[in-house]
Amino acid sequence: LPTCRDSQLFIKDLHFDGVPVRIYLPREPSASKQRGVIFIHGGCGIFGSISKELKEKIICRHIARKSDSVVLSVGYHLAPEHKYPAQTLECLTATVHFLKTAETYGVDPARIIVCGDSVGGTFAASVCQELGHRTDIPKIRAQVLIYPFLQALNFNLPSHQKNSAIAFPSRERTVHFILKYLNKDCSLKEAVLAGSHVPESINLKYRKWINPDLLPDVFKLGYKPPLPALFLPQVHEEVQELFEPWFSPLLAEDAVICGLPDTCIVTCEHDVLRDEGLLYKKRLEDSNVRVTWHHVEKGFH
């Protein structure tokens, strides 16, 4: 699909403070300022781009046309060549730039949402957490998290067990891509899958947020709690990034969660990440954040 040709949209490649972006602007003039959508693509942080991915082009064009919005797609640089957390920082930079310059593109700065799928949902969640309490820029109106990755402490939740062998992403491939993204030794995979990277003190601290007991019963059918894992300090030291809220937004403190905008979360039944979305939904609701939830019963990641 040529970048510049669309009967309904103007499509431009730009740079926002050094971050590549692609903007989709409706050709039809609007009598008032339009809504804005910041879209962050998935791909485990190591795949995909705004220029080559047909799926992202179709999604962004569809959103722009159907919602009569200006859509900004963020072309963050990929890992491991660009080391974590470069991807989150670039999404943050592009978002702040757009919030500050929205009116230049005919967008109402009070009506901008951040949207992402898979790891794009991770980046979207992190951006909203980072900007929640800032007063120097317009507030993000809402966040849309489409089957997001939100935590790397527990890979033995019911959805991990139920969908462990689903083609993409399988439970094993999920951890493989995490280690690849962080440029870690992939031989750590089995230890991380087992939970050997998490000391008991951290398990106890975050049990109030990451716990199968917090899930509705319908999502726990057939679940078998795993045996306690042997803690391996050397593995823990190697993967410290997994415990940072920028990597695992579900670990953010309550003061951060309380500052989040209205949220839409999409989960899929046949997805290892299903339960992370459900746990984040509960956290937000417990913090009086308004949440809309869509669950695709026959859906895949």
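All values reported here derive from a predicted model rather than from experimental measurement. Each chain has its residues counted from 1, following the order in which its sequence is written. Confidence filtering applies because this is a predicted model: local features only for residues at pLDDT of at least 70, side-chain atom pairs given and counted only at 80 or more, and all residues used for totals across whole chains, interfaces and linings. Each side-chain value is derived from all of the structure's non-hydrogen atoms; neither hydrogens nor water enter the calculation.

A word on the nonpolar core. By size, the foremost hydrophobic cluster in this structure holds 77 residues, and its most contacted members are I40, F98, L242, F247 and Y280. In this description a helix means any DSSP run of H or I spanning at least four residues, a strand means any run of E spanning at least two, and both kinds are numbered starting from the N terminus. Top contributing element to this core by residue count: helix α3 (residues 119-131), with seven residues. An automatic or database domain assignment supplies the residue ranges for each domain. Lining this core are residues from two domains, each supplying at least three of them: domain 1 (9-146) and domain 2 (158-243). Here, two residues are considered to be in contact whenever any of their heavy atoms come within 4.5 Å of each other. If we ignore the near neighbours within four places in the chain, the residues touching I40 are V74, Y76, C91, V114, C115, G116, D117, G120, F123 and A124. Core analysis: the second largest hydrophobic core is formed by 13 residues, L9, Y24, V71 and V144 among them. Residues grouped as a nonpolar core are buried Ala, Val, Leu, Ile, Met, Phe, Trp, Tyr and Cys residues, joined through side-chain atoms within 4.5 Å. Each residue's exposure class comes from its accessible area (1.4 Å probe, protein chains only) as a fraction of the maximum for that residue type: buried when under 20%, exposed when over 50%, partly exposed otherwise.

Let's shift gears to the UniProt feature "domain: Alpha/beta hydrolase fold-3" (unreviewed entry) in the protein. Mapped onto the present numbering, the UniProt feature "domain: Alpha/beta hydrolase fold-3" (unreviewed entry) falls on residues 37-183 and 241-301. End C-alpha atoms of residues 241-301 are separated by 24 Å, and the span's content is 28% helix alongside 31% strand. UniProt positions are given in the numbering used here, feature names are shortened, and annotations may be inferred rather than shown by experiment.

Of all eight residues that make up strand β2 (residues 19-26), eight are buried, and the element is covered over most of its length. In this structure, strand β1 (residues 9-16) lies alongside β2, joined through eight bridges in antiparallel fashion. Paired with H15 across the bridge in β2 is P20. One requirement defines pairing of two strands: DSSP has to find at least two bridges between them. Linkage of β1 to β2, two consecutive antiparallel strands, is achieved through a turn of two residues, within which D17 is found at a positive phi near 50°. Two strands pair when backbone bridges link them, and β2 and strand β4 (residues 69-74) are joined in this way by four bridges, in the antiparallel orientation. Considered in β4, the bridge of V21 is made with V74.

A word on the pattern of salt bridges. Basic side-chain nitrogens of Lys or Arg form a salt bridge, by our definition, when they fall within 4 Å of a carboxyl oxygen of Asp or Glu. Applying the stated rule across the entire model yields 15 salt bridges. The closest approach of N and O atoms between K162 and E269, which form a salt bridge, is 3.4 Å. One end of the pair, K162, is in helix α4 (residues 158-162); the other, E269, is in strand β7 (residues 262-270), with 107 residues separating them in the sequence. Note that E241 and K184 form a salt bridge whose closest N and O atoms lie 3.1 Å from each other. One end of the pair, E241, is in the loop between α8 (233-238) and α9 (254-257); the other, K184, is in the loop between α5 (171-181) and α6 (189-194), with 57 residues separating them in the sequence. By sharing partners, the salt bridges in this structure join K162, E269, R274 and D275 into a single network.

The strand order β1-β2-β4-β3-β5-β6-β7-β8 describes an open sheet built from eight strands, whose pairing is mixed. With partners counted over all chains shown, the strands left at the sheet margins are β1 and β8 (291-300), one partner each. Sheet twist, expressed as the mean angle between neighbouring strand axes with direction ignored, is 20°. The pairing of β7 with β8 spans seven bridges and is classified as parallel. The partner of T263 across the bridge, within β8, is V291. Whenever a helix is involved, its axis is fitted only over the stretch in contact; in every case the axis is a line through C-alpha atoms, and angles between N-to-C directions fall within 0 to 180 degrees. Across the face of the sheet, helix α10 (residues 274-286) comes into contact with β6 (142-146), β7 and β8 while running at roughly 150° to β7.

In this model α10 runs 19 Å from its N-terminal to its C-terminal C-alpha over 13 residues, within 8% of the 18 Å that 1.5 Å per residue would give. In terms of residue burial, α10 counts as a mostly covered element, since 10 of its 13 residues are buried. One or two steps after α10, the chain reaches N288, where phi turns positive at roughly 65°. Under the convention used throughout, the expected extent of a helix is 1.5 Å for every residue step, that is, one less than its residue count.

Another aspect to go through is the packing of aromatic side chains. Between 30 and 60 degrees the pair is tilted, below 30 it is stacked and above 60 it is edge-to-face, where a pair is any two Phe, Tyr or Trp rings, Trp via its six-membered ring, whose centres lie within 6.5 Å. For the coordinates displayed, the defined rule picks out 11 aromatic pairs. When the ring of F16 is compared with that of Y105, the centres are 6.0 Å apart and the planes differ by 40°; the resulting orientation is tilted. With F16 in strand β1 and Y105 in the loop between α2 (86-101) and β5 (107-117), this residue pair connects regions lying 89 residues apart in the sequence. For the ring pair Y84 and F247, a centre distance of 5.8 Å and an interplane angle of 80° mean the geometry is edge-to-face.

Turning our attention to the domain arrangement of the protein. Domain annotation for the protein reports domain 1 (9-146) and domain 2 (158-243). Using only C-alpha atoms to locate each centre, domain 1 and domain 2 end up separated by 29 Å. Tallying the contact residues gives nine residues for domain 1 and seven residues for domain 2. Buried area adds together the accessible area that both of two parts lose upon being put together, with accessible area traced by a 1.4 Å probe. Between domain 1 and domain 2, roughly 720 Å² of surface is buried when both sides are summed, and carbon and sulfur atoms account for 76% of that area. Interface area lost by domain 1 to domain 2 is led by C44, P80 and Y84, which between them contribute 62%. Our count for the contact surface shared by domain 1 and domain 2 stands at zero salt bridges. Polar contact criterion, stated in full: a pair of N or O atoms within 3.5 Å, where within protein one must be able to donate a hydrogen and the other to accept it, and residues adjacent in sequence count only if both atoms are side-chain atoms. Connecting domain 1 to domain 2 are one residue pair in polar contact (both at pLDDT 80 or more).

Interhelical geometry of α2 versus α3 gives an angle of 60° and a closest axis separation of 9 Å. Put simply, α2 runs oblique to α3. Crossing angle aside, the handedness with which α2 passes α3 is right-handed. From α2, Q87, T88, C91, L92, T95, V96 and L99 reach across to α3, where they touch F123, S126, V127, E130 and L131. Taken together, the residues of the contact of α2 with α3 sort by class into seven nonpolar, four polar and one charged. Here the word oblique covers every angle except those under 35 degrees (roughly parallel), over 145 (roughly antiparallel) and from 65 to 115 (roughly perpendicular). Less than a right angle of anticlockwise turn of the near helix away from the far helix marks a crossing as left-handed, whereas a clockwise turn marks it as right-handed. Residues were grouped as follows: Ala, Val, Leu, Ile, Met, Phe, Trp, Tyr, Cys and Pro as nonpolar; Asp, Glu, Lys and Arg as charged; and all remaining residues, including Gly, as polar.

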